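Remarks on the overall topology
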Amino acid sequence: MNVHANLILPETTPSAVVQAYFAAFGAGDLDGVLALLADNVVWHVDGSVTVPTIGLLRGRERVHRWLSEFPNGFTPRVFAIDRLFESGDDVMALGRFRHLARATGRVVGSDLAIRFTVRDGRIERYQIMEDSLLLARAFDPYDAWGEHEVRLNGTTYAYTDRGDGPVVLFAHGLFVDRTIFDPQVTALEATHRCIVLDMPGHGRSGWRKEGWTLDDVAEDLALFIEEASLGPVSFIGQSQGGMIGMRLAARRPDLVSRLVLIGTSARSEDPERLPRWHEVRRTLAGGALEEREALFADMQSLLNDPNWLVSEPALAASERAIMLAHEPVALALAVDAAVLSREDVRSLLPSVRAPTLVTCGESDRATSPELSRELASLIPTAHLAILPGVGHHPPIEAPAAVNALLQDFLA
């Protein structure tokens, strides 16, 4: 267990007693912990009683039993105390944890605050405050664990959280959803924590009725990475997801350790293509179902490699079904953000310091290989991999090749 308790304080202060508690607890020294507890100590842990550590206890003997049984409920991965605040007899400890719930094999973590009351050198009261709802979900065998939502600056983002290890954050392109990265998550989750988002207006995520920009999404994700203690992350972005990733990596290099850009561009949309995109938007905003079905079938002929469409009809049909399942008005707003109002950010690229993998399909007609070559030439740490016989959606068109690139790059 990784315990951070680096403050050096006089041994007689309440904070010093709390420091000694954390040192003994982190070392598994139960006798050392008990020596710091008052006879009638109160142990206060709120939450669902499905979690074995939840409840109210009084007395050193009961707390001793609680401490002894803690390893039966959890295998600690991280327990970090970052700050202590003392006021009179009370000490507040702030930190975070990430543990394996032994009953279900799920890894769960959250921020925490612990209030101690210390008198005459002994802890009289302990109360921990943490994400009790998340803990209850971790111990519920029927819960759809791994499926989560977070509201960022007013927009609800749905996401999948699978695996454990260094964090990899995935952001998909226009019209698809987070499931485009399923083959990559399956390949990486044994060694990495994979967080895969539905972009605004896609899948189960919400959207702002007044619209949004790619910069807005980058700002949202920066807030998420910071406040959920995820970073720095490896960021994998496909198409519009890559556009967001390059903005984030350039403006917040402290949050991105590695960057993968798949079939994307730093330019604004080609003016010659704008009339067609305005037609797409009109169909999304007000077209009948049959018109949208025809639109997405036509869109696939542009996005995907022709041979893949013929050889993988079931996957192609599934992709169209995902496109049709999105709220049409939300997709129209997403087109505004990712295409019609997209700004040229090539000037940001020399500021990207994270090691960067740029990859694209050789047959990509939505964002041509020339645009990927441009990215690789402007990002100082980038290298380029072009995939033959692949279109705009390499994660599903060529999953084995993409997985091999990612595993080598993230190793």
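Further up the page is the structure itself.
Remember, predicted model here, so these are calculated numbers, not experimental data.

Cut-offs and rules
Position numbers for residues start from 1 in each chain and track the written sequence from start to end. Only residues with pLDDT of at least 70 are given local features in this predicted model, and only at 80 or more are side-chain atom pairs given and counted; all residues enter the totals for whole chains, interfaces and linings. As a rule here, side-chain values cover all heavy atoms of the structure and leave hydrogens and water aside. Lines fitted to C-alpha atoms define the axes here, with helix axes fitted over just the stretch in contact, and angles between the N-to-C directions of these axes take values from 0 to 180 degrees. Runs of H or I in DSSP of at least four residues are treated as helices and runs of E of at least two as strands, each being numbered from the N terminus. Here the angle decides the label: under 35 degrees means roughly parallel, over 145 means roughly antiparallel, 65 to 115 means roughly perpendicular, and every other value means oblique. It is the rotation of the near helix from the far one that decides the hand of a crossing: anticlockwise by less than a right angle makes it left-handed, clockwise makes it right-handed. The criterion used for residue contact is that any of the two residues' heavy atoms lie within 4.5 Å. For a helix, the expected span equals 1.5 Å multiplied by the number of residues minus one. Summary of the burial criterion: residues with accessible area below 20% of their type's maximum are buried, those above 50% are exposed, and those between are partly exposed, where the area comes from a 1.4 Å probe applied to protein chains only. Starting at the helix axis, one direction is taken to each C-beta atom, and the arc is that of these directions. Counted as a polar contact is a pair of N or O atoms within 3.5 Å, where, for protein atoms, one must be capable of donating a hydrogen and the other of accepting one, and residues adjacent in sequence contribute only when both atoms are in side chains. For two strands to pair, DSSP has to find at least two bridges joining them. Throughout, the protein atoms alone are placed on a 1 Å grid, and a set of points is a cavity if a 1.4 Å probe fits but cannot get out or a pocket if it is open with protein on both sides within 12 Å along at least five of seven lines; lining residues have an atom within 4 Å of a point. Grid points are joined across faces, edges and corners, and a volume is the space filled by probe spheres set on the points. Gly is put with the polar residues, along with every residue not named as nonpolar or charged; the nonpolar set is Ala, Val, Leu, Ile, Met, Phe, Trp, Tyr, Cys and Pro, and the charged set is Asp, Glu, Lys and Arg.

The geometry of helix α8 (residues 274–286) relative to helix α12 (residues 328–340) is characterised by a closest axis approach of 7 Å and an angle of 160 degrees between their N-to-C directions. Classified by the angle between their axes, α8 and α12 sit roughly antiparallel to one another. The two elements α8 and α12 cross, and the hand of that crossing is left-handed. Contacts from Leu274, Trp277, His278, Arg281, Leu284 and Ala285 in α8 reach Pro328, Val329, Leu331, Ala332, Leu333, Val335, Asp336, Val339 and Leu340 in α12.

Let us now look at α8. In an α-helix there are 3.6 residues to a turn, and that puts residues three or four apart on one side. With 13 residues, α8 extends 18 Å from end C-alpha to end C-alpha; this agrees with the ideal 18 Å at 1.5 Å per step. All buried positions along α8 are accounted for by Trp277, Val280, Thr283 and Leu284. Projected down its long axis, α8 shows its buried positions confined to an angular sector of 120 degrees, all on one face. For α8, the exposed residues set more than 90 degrees away from the buried face come down to Arg282 and Gly286. The elements touched by buried residues of α8 are α9 (289–303) and α12.

The next subject is the side chain of His172. The topology assignment puts His172 in the loop between β9 (167–171) and α5 (182–188). Residue classification places His172 among the buried residues on the basis of a relative accessible area of 0%. Within the structure, His172 has its side chain in polar contact with the backbone nitrogen of Met199 (distance 2.9 Å). For His172, the residues in contact, after removing those within four places along its chain, are Asp177, Arg178, Ile180, Phe181, Leu197, Asp198, Met199, His202, Gln238, Gln240 and Gly241.

Read across the sheet, 6 strands follow the order β2-β1-β6-β5-β4-β3 without closing on themselves; strand pairing throughout is mixed. With one partner strand each, in any of the chains shown, β2 (55–58) and β3 (74–87) form the two edges of the open sheet. Strand-to-strand twist in this sheet, taken as the mean axis angle between neighbours without regard to direction, amounts to 15 degrees. Relative to strand β4 (residues 90–101), β3 runs antiparallel, the two sharing 12 bridges. Paired with Pro76 across the two strands is His99, which belongs to β4.

Empty space within the largest pocket amounts to approximately 960 Å³. What lines the largest pocket is a set of 37 residues, and nearest its centre among them are Arg98, Gly109, Asp161, Arg193 and Ala228. Elements represented by at least two residues in the lining of the largest pocket include exactly β4, β5 (106–119), α4 (132–138), β7 (147–152), β8 (155–162), β10 (193–197) and α6 (214–227). Element by element, the count of residues in the lining of the largest pocket is highest for β5, at 6 residues.

With the rule as written, the count across this model stands at 2 cavities of 30 Å³ or more. Considering only enclosed or pocket space, the largest cavity measures out at about 200 Å³ in volume. Lining the largest cavity are 16 residues, and of these Trp66, Phe70, His99, Ile128 and Glu130 lie nearest its centre. Every element with two or more residues in the lining of the largest cavity is listed here: α1 (14–26), α3 (60–73), β3, β4 and β6 (122–129). Among the elements that take part in the lining of the largest cavity, α1 stands out by supplying 3 residues, more than any other. Of the residues belonging to the lining of the largest cavity, the class tally is 13 nonpolar, 2 polar and 1 charged. Among the elements of the structure, α6 and α7 (240–251) are those that each provide at least two residues to the lining of the second largest cavity. Of the residues that constitute the lining of the second largest cavity, the class distribution is 7 nonpolar, 3 polar and no charged.

In this section: the sheet that holds strand β11 (residues 233–238). With mixed pairing, the 8 strands of this open sheet are ordered in space as β7-β8-β10-β9-β11-β12-β13-β14. Only two strands of the sheet have a single neighbouring strand rather than two, namely β7 and β14 (382–387). Averaged over all pairs of adjacent strands, the angle between their axes in this sheet comes to 20 degrees, without regard to strand direction. Pairing analysis gives 4 bridges linking β8 to β10, with the strands arranged antiparallel. If you follow Asp161 over to β10, its bridge partner there is Ile195. Where α6 meets the sheet, it contacts β7, β8, β9, β10 and β11, and its direction lies at approximately 50 degrees from that of β8. Sitting on the sheet, helix α13 (residues 369–378) is in contact with β12 (256–262), β13 (356–361) and β14, with an inclination near 170 degrees to β13.

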